[in-house]
Amino acid sequence: MPPLTLTVFWALAGMAITGATLCITRRSPLASALWLVVTLFALAGLFVLLDAQFIGVLQVLVYAGAIMVLFLFVIMLLNLGRPGPSDLKGPVGGAVAALLAGTLLLQLGGVGSSGPPDVIRMPEGTVAALQREQGMVGAVARPLFDTYLIPFEITSILLLAAIVGAVVLAKRKL
Amino acid sequence: MSLDLSIPRGLLLALLPELVLTGWAMILLLFVAWRHRTTRDLRVAGGITAVALVTTAATVWWLWWNQAGVAGIAQMVAVDDYRWVTDWLFLGAAGLTVLVSFEYLERERLLAPEYYVLLLFAVIGMMLMGGAEDLMVLFLGLELMSIAVYVLAGFDRRNPRAAEAALKYFLIGAFASGFLLYGIALIYGATGTTNLSLVGVQVDSLRLGSDPMLLIGLGLLLVGFAFKVAAVPFHMWAPDVYDGAPTPVTAFMATGVKAAAFAALFRVLTEAFPQAGAWREIVAGLAILTMVAGNLVALAQRSLKRMLAYSSIAHAGYLLVAVATGTSAGTAAFLVYLVAYTLMTLGAFALLAAKGRGGESDVLIDDLAGLASRRPWLAFALAVCMLSLLGFPGTAGFIAKWYILLAAAGVGEWLLAAILVLTSVVSAGYYLPVIMVMYMKPEPFEQAHTGVKLGRLAGVAVAAAVAGILYFGVRPNGLLDLAKETGVGVKPVPTFTVEPSGR
Amino acid sequence: MLLGPALAVSAILFTLGVAGVLLRRNAIVIFMCVELMLNAVNLTFVALAQQLGISGQIFVFFVMAVAAAEAAVGLAIILAIFRHKETVDLRNINLLKG
């Protein structure tokens, strides 16, 4: 592992965690949304480092580009851009939230040091080799339309249901 | 008929029920796009929905009759009796909901036939959950169902309470999905697969019973499911959402949605984690908390709708007892209970819809005083539902509870069995007053019950539910045999060599 | 080997998302915290994909589709409640009490 990769990884990880922290503590919803975008960009960078270049691009296009724009649009539409009274919970609510989150992190602590059992791990660079062979998009697209065809088709119904639902809720007259 | 899921024909046949229902949903959506203004359009849309559900049920029956199955490990969707039985359950719950909805939508002036489209989408999601053999299919089915039901909960847009119910349900549901998904990710990380049977094989052959990653993943998965089935202490959203949503939707959420979450939970735990026993204690603990808290809080409710909401939480506790046993006797008891619970809960909510107006949240239990003298049949039906919910001998509720008790006793879970009996006794404290008020108290004033009207189709639904409760209460054998046969099928496939995972 | 650190970062981000949901009262911000949780899971999937095969990357696909569908419906629900209440602060949304 070249040291440069590690440096970039930790820089991006730090950026993601900082962005997330600021996202949950900023008073203005607009600031929260923008810090979340920072986190999403940092995650896209991490995806690239982890041999998922195509997913990284999608992350920028779909998440940062489409979903977060939708959020910002609604925040503007509801005129929540200016900082109003804080919506953070008081000291008691904060303490409860910190306690629960701390417990969760403690439980999750084991994840960082563990990993898949060695038997099922593939040799280093297998995915990268696959991508060189089939192309960035091809490596993801082949199984998507082969092994994962059924989930893929379910996704299309899911999106249709979401469209119908959003239209029903948003139209003026019932 | 043995299906090969790797060729198109086998795949299409295995997915036939879902495909038929999706086709009907598309037809309905096209119809609704052009015709959505008058009451008549609404009725036609409801009629199409009913036909869709019946044809899908017939398709499921055809596959069941031909004993469809797969050789070896099923990919993505399971093809077994458990799937067919749960499919019938979801289709039945949706069918009764449609019957109740006909007059309800007209009465409350909810003239938007998209209601039925969303209902069909939700049923497709449920069927995928009940048949999911892969954690990803399960997750997507769950989301498909949830997204449709979020909208249904807030369908009455003029009512601020319905909008609040939708918001609450949505935020909690999305939060729970996050936990569920993280659990799936960690289970994938620990085993290298998301196929339920293969997860079971990997846990067994790689001895992952105490692998931290797998256990954390399983824990997160259980938290996500606990939210979805409204188990205490993850239940706080349920009473509010059930209270605020339109009553037929509440009935659907309390029966179909809950049954789908339970069906998926049961399959995941028995197929993928028979070797990781840690979940048994967690589920048992959740069951105890849910039975005790659900029943005690229900005692304090005066509104009929809220009382039914807490009662549905309490019944989730009884179902968790069946899940905790994790045996094939447990599977049979679980399925029998789901059927009985769906019938009696849907009947009770349908009758509530007949009594109330504008969301029904203001119908107090005391408002039913003297109903028996004015509307004897209605009062009788509600009394049967209440007795069945209580677990009175001669009703399906009793038989179902009895089999759960037997299953729990069979594996030596005496504590769970004892708490189940004790909390059932407590539940008499809120079910019996409903009957007493109807039969023993005089009506408060002359016209107290003039507005109470059960529409013709809703009447059919209630009659079907009551007939089912009484029939299965007296002759449970047919249902039980079906459930027993089904229970044998839900097992991991033991003979399988570890395949190199990933591609 | 970036797997361990990536899983740890993912756990931290997930916890921050959960903390945000518990800490905030603004419905839109709570929903953004849920999106943060989903993204943390995506990082786990991608990190695992490097070791377990490309499947992990495909799951990220599905999660993105789900997130988009949830965003469409969720924001429509938030708009619906804003029409009634002129606010999306959960403190002012308490007709229904638990």
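Definitions and limits used
- Residues numbered from 1 in each chain as written.
- Chains lettered and ligands numbered in written order.
- Predicted model: local features only at pLDDT ≥ 70, side-chain atom pairs only at ≥ 80, totals over all residues.
- Helix = DSSP H or I, 4+ residues; strand = E, 2+ residues; numbered from the N terminus.
- Rg over C-alpha atoms; globule rule 2.2 N^0.38 Å.
- Buried ≥ 20, exposed ≤ 12 C-beta atoms within 10 Å, placed from the backbone.
- Contact = placed C-beta atoms within 7 Å.
- Nonpolar A, V, L, I, M, F, W, Y, C, P; charged D, E, K, R; others polar.
- Arc of directions from axis to C-beta.
- pLDDT = per-residue confidence, 0-100.
- Domains from an automatic or database assignment.
- Core = buried A, V, L, I, M, F, W, Y, C linked by C-beta atoms within 7 Å.
- Axes fitted to C-alpha atoms, helices over the stretch in contact; angles between N-to-C directions.
- Parallel < 35°, antiparallel > 145°, perpendicular 65-115°, else oblique.
- Expected span 1.5 Å × (residues − 1).

## What about the overall build of chain A?
Thought 1: Counting secondary structure elements, chain A contains seven helices and zero strands.
Thought 2: Reading chain A from its N terminus to its C terminus gives the helix and strand order α-α-α-α-α-α-α.
Thought 3: Taken over C-alpha atoms, the radius of gyration comes to 21 Å for chain A, far larger than the 16 Å a tight globule of 174 residues would show.
Thought 4: Projected onto its principal axes, the C-alpha positions of chain A cover 55 × 45 × 30 Å.
Thought 5: By residue count, 36% of the 174 residues in chain A fall in the buried class.

## Observations regarding the interface of chain B and chain A
Thought 1: Residue-level contacts link 35 residues of chain B with 24 residues of chain A.
Thought 2: Those elements that provide at least two residues to the side of chain B that touches chain A are α2 (16–34), α5 (114–131), α6 (135–153), α7 (160–191) and α9 (212–228) of chain B.
Thought 3: When residues of the side of chain B that touches chain A are assigned to their parent elements, the largest contribution, nine residues, is made by α6(B).
Thought 4: Class assignment of the residues belonging to the side of chain B that touches chain A gives a composition of 24 nonpolar, seven polar and four charged.

## What about helix α6 (residues 136–144) of chain A?
Thought 1: Taken residue by residue, α6(A) has A:A139, A:V140 and A:L144 as its buried positions. Across the axial projection of α6(A), the buried residues extend over an arc of 125 degrees, all falling on one side.
Thought 2: Those residues of α6(A) that are buried are in contact with α3 (53–77), α5 (126–134) and α7 (149–170) of chain A together with α3 (55–85) of chain C.

## Some thoughts on the interface of chain C and chain A
Thought 1: Each side of the interface is counted separately: chain C has 64 residues, and chain A has 69 residues.
Thought 2: Elements with a contribution of two residues or more to the side of chain C that touches chain A: α1 (3–23), α2 (27–52) and α3 of chain C.
Thought 3: It is α3(C) that contributes the most residues to the side of chain C that touches chain A, 22 residues altogether.
Thought 4: Counted by class, the side of chain C that touches chain A contains 50 nonpolar, 10 polar and four charged residues.

## Notes on unusual backbone geometry
Most peptide bonds take the trans form, and the phi angle of most residues other than glycine is negative.
Thought 1: Between B:V232 and B:P233 the backbone carries a cis peptide bond, its omega angle lying at 5 degrees.
Thought 2: A positive phi angle, near 65 degrees, is found at A:D51, a position not held by glycine.
Thought 3: As for its placement among the helices and strands, A:D51 is situated in the loop between α2 (29–49) and α3.

## A look at the confidence of the model for chain C
Reading fine detail from the predicted coordinates is not recommended where pLDDT is low.
Thought 1: Averaged over every residue, the pLDDT of chain C is 89; residues scoring 70 or more account for 95%.
Thought 2: Listed scores for the predicted complex are pTM 0.94 and ipTM 0.95.

## Observations regarding the domain arrangement of chain A
Thought 1: Along its sequence, chain A is organised into domain 1 (1–83) and domain 2 (124–174).
Thought 2: One C-alpha centre belongs to domain 1 of chain A, the other to domain 2 of chain A, and the line joining them spans 21 Å.

## Describing the nonpolar core
Looking at soluble globular proteins, one finds that nonpolar side chains tend to be buried together.
Thought 1: Ranked by size, the top nonpolar core spans 333 residues in total, and within it B:L120, B:L144, B:V336, B:Y337 and B:I404 carry the most contacts.
Thought 2: With 22 residues, the top contributor of residues to this core is α7(B).
Thought 3: Here this core spans two domains, since at least three of its residues come from each of domain 1 (1–83) and domain 2 (124–174) of chain A.

## Here we look at the packing of α6(B) against helix α11 (residues 247–272) of chain B
When two helices pack together, their arrangement is given by the angle between the helix axes and by the axis-to-axis distance.
All names here are of chain B.
Thought 1: Taken N-terminus to C-terminus, the directions of α6 and α11 make an angle of 170 degrees; their axes are 11 Å apart at the nearest point. Taken together, the axis directions place α6 and α11 in an arrangement best described as roughly antiparallel. Judged by residue contacts, L138, M145, V149, L152 and A153 of α6 engage V249, M253, V257, A260 and A264 from α11.
Thought 2: The residue inventory of the contact of α6 with α11, partitioned by class, reads 10 nonpolar, no polar and no charged.

## Quick word on helix α3 (residues 39–65) of chain B
An α-helix turns once per 3.6 residues; consequently, residues spaced three or four apart project the same way.
Residue and element names in this part refer to chain B.
Thought 1: An ideal rise of 1.5 Å per residue puts 39 Å on 27 residues; α3 measures up with 39 Å between its terminal C-alpha atoms.
Thought 2: Residues of α3 that are buried include every one of L42, A45, G46, I48, T49, A52, L53, T56, A57, V60 and L63, and no others.
Thought 3: Contact partners of the buried residues in α3: α2, α4 (81–107) and α5.
Thought 4: Positive phi appears at Q67, one or two residues downstream of α3, with a value of about 50 degrees.

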